[in-house]
Amino acid sequence: MLVFLFRRIAAGAVLVVVVATATFLLLSLTGTDVARNVLGETASRSAVAAKSHELGLDQPLVERYWHWAEQALRGNLGSSWFTGDPVNQSLTDTLPVTLSVVIAGMLVAAVLSVVLGTVAALRGGWVDRLVQFASVLGTAVPSFLIALVLAVTLAVRLDWLPATGYVDLAASPGGWLHSITLPALSLAVGATAATAMQVRGALIDVLRADFVRTLRSRGLATRSVVFRHALRNAAPPALTVLALQFIGLIGGAVVVEKVFGLPGIGSLANSAAVRGDAPVLLGTVVVTVVIVVAVNLLLDIAYGWLNPKVRVS
């Protein structure tokens, strides 16, 4: 198991390097005059040349990449070209906001998808058809539209929850929960729809398996068969979908953060992309890929816990 985890970590490290390198090259080949953008159109040529030298843009591409990679390996992702703020600090300030919303949304999606998928698989009939229809609808409607509807109804009209802003958890746990509820629900709808269908299909297949019929023939209660045996065997496919949904929600958080005015990593990346702030964009890409690698590693560990055959193999 340790050898397997080491291989997965090594593969994840290679992925981070490849994505970071590709991102660096793409940002370097845009042809944008960054120094001119930083100083403004009225800046003189000498001032632009001095700024380019200060930012290291007059150096060869390989040398610039090597300098950035060397600093990144030491944990220093550089500073913003426009504000001068350290990228590490910007990520430290914004990443908890995004992770709060995404993790809360995934927890809601995990609970609802298990409940809906299990009810659909066990009840069948109109209940199953209703869950399938709701899942298709939830998958088809984009998260930004759901966010707008929730903001208008629950925040503006009913005034139950704040429409914009973020409250730090350390400052006020209650305020933090209120500030992330609507964004988390906006992200949870699509993830619930996709995962619930996976839970339903996997559970139906497991309930038709021979070992389930054997357990029932021995007089075990339906609740015990479903919750102690069937759901555990149906969990791996659902976990795969849930992990993919988690990765997708990190990207979907960009739009949701804009709707609710959250200062998350999505908003940081969006503003950096508009300005052409390469250090900030590189930092957000590296951190996002590291999160994706970590999620996949946790998924492998969960597989090993749920299925002993995976540990043996």
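Above this text you will find the structure in question.
Structural notes, computed from the coordinates. (Residues numbered from 1 in each chain as written. Predicted model: local features only at pLDDT ≥ 70, side-chain atom pairs only at ≥ 80, totals over all residues. Heavy atoms only, no water.)

### Looking at the overall build of the protein
- Along its length, the protein carries 13 helices and zero strands.
- Counting from the amino terminus, the protein carries its helices and strands in the arrangement α-α-α-α-α-α-α-α-α-α-α-α-α.
- In terms of principal-axis extent, the alpha carbons of the protein reach across some 85 × 55 × 35 Å.
- A burial count over the protein gives 39% of its 313 residues as buried.
- For the protein, restricting intrachain contacts to residue pairs at least 6 apart in sequence, the fraction spanning at least 24 positions comes to 73%.
- Total accessible area on the protein is roughly 17,200 Å²; 67% of this is exposed by carbon and sulfur atoms.
- Considering the protein, the positive charge centre built from 22 side chains and the negative charge centre built from 16 side chains are found 19 Å apart. (Helix = DSSP H or I, 4+ residues; strand = E, 2+ residues; numbered from the N terminus. Buried < 20%, exposed > 50% of the residue type's maximum accessible area, 1.4 Å probe, protein only. Contact = heavy atoms within 4.5 Å. Areas by Shrake-Rupley, 256 points an atom, 1.4 Å probe, with all protein chains shown as cover. Lys, Arg positive; Asp, Glu negative; His and termini not counted. Charge placed at Lys NZ, Arg CZ, Asp CG, Glu CD.)

### A short note on the packing of helix α7 (residues 143-157) against helix α10 (residues 222-260)
- Two numbers describe how α7 lies on α10: the axes approach to 9 Å, and their chain directions differ by 25 degrees. With respect to their mutual orientation, α7 and α10 come out roughly parallel. The handedness of the crossing between α7 and α10 comes out as right-handed. For the pair formed by α7 and α10, the contact residues are Ser143, Phe144, Ala147, Leu148 and Ala151 on the first element and Gly252, Val255, Val256, Val259 and Phe260 on the second.
- Classifying every residue of the contact of α7 with α10 gives eight nonpolar, two polar and no charged. (Axes fitted to C-alpha atoms, helices over the stretch in contact; angles between N-to-C directions. Parallel < 35°, antiparallel > 145°, perpendicular 65-115°, else oblique. Left-handed = near helix turned anticlockwise from the far one by under 90°. Nonpolar A, V, L, I, M, F, W, Y, C, P; charged D, E, K, R; others polar.)

### Notes on the packing of aromatic side chains
- Applying the stated criterion across every chain, the model contains three aromatic pairs.
- With a centroid separation of 6.2 Å and 35 degrees between ring planes, the pair formed by Phe24 and Trp68 is classed as tilted. Of this pair, Phe24 sits in helix α1 (residues 2-28) while Trp68 sits in helix α4 (residues 61-73), and the two are 44 residues apart along the sequence. Each member of the pair, Phe24 as well as Trp68, carries the same accessibility label: buried. (Phe/Tyr/Trp six-rings, centres within 6.5 Å; stacked < 30°, edge-to-face > 60°.)

### Examining helix α11 (residues 265-275)
- Restricting attention to buried positions, one finds in α11 the residues Ile265, Gly266, Ser267, Leu268, Ala269 and Ala272.
- After α11 finishes, the residue Gly276 shows a positive phi value of roughly 80 degrees.

### Examining the environment of Ser217
- Among the structural elements, Ser217 can be located in helix α9 (residues 210-217).
- Given the relative accessible area of 59%, Ser217 is considered exposed.
- Note: C-alpha distance between Ser217 and Leu158 (59 residues apart in sequence) is 53 Å.

### Structural notes on the side chain of Lys51
- Inspection of the secondary structure puts Lys51 in helix α3 (residues 45-55).
- Note on Lys51: relative accessible area 16%, which makes it buried.

### What to know about the side chain of Arg200
- Along the chain, the position of Arg200 falls in helix α8 (residues 173-207).
- Excluding residues that lie within four positions of it along the chain, Arg200 makes contacts with Gly117, Ala120, Ala121, Asp128 and Gln132.

### A short note on the pattern of salt bridges
- Taken as a whole, this structure holds four salt bridges when the rule is applied.
- Residue Arg200 is joined to Asp128 by a salt bridge in which the shortest nitrogen-to-oxygen separation is 2.6 Å. Here Arg200 is found in helix α8, whereas its partner Asp128 is found in helix α6 (residues 125-140), with 72 residues between them in sequence. The residues Arg200 and Asp128 share a single accessibility class, namely buried. (Salt bridge = Lys/Arg side-chain N within 4 Å of Asp/Glu carboxyl O.)

### Regarding the nonpolar core
- Ranked by internal contacts, the top residues of the largest apolar core, which has 51 residues, are Trp68 and Val102.
- Every element with two or more residues in this core is listed here: α1, α4, α5 (87-123), α7, α8, α10, α11 and α12 (278-306).
- A per-element tally of this core places α12 first, with ten residues.
- Counting residues in each nonpolar core, the second largest holds 13 residues, with Ile204, Val206, Leu207 and Ala230 among its members. (Core = buried A, V, L, I, M, F, W, Y, C linked by side-chain atoms within 4.5 Å.)

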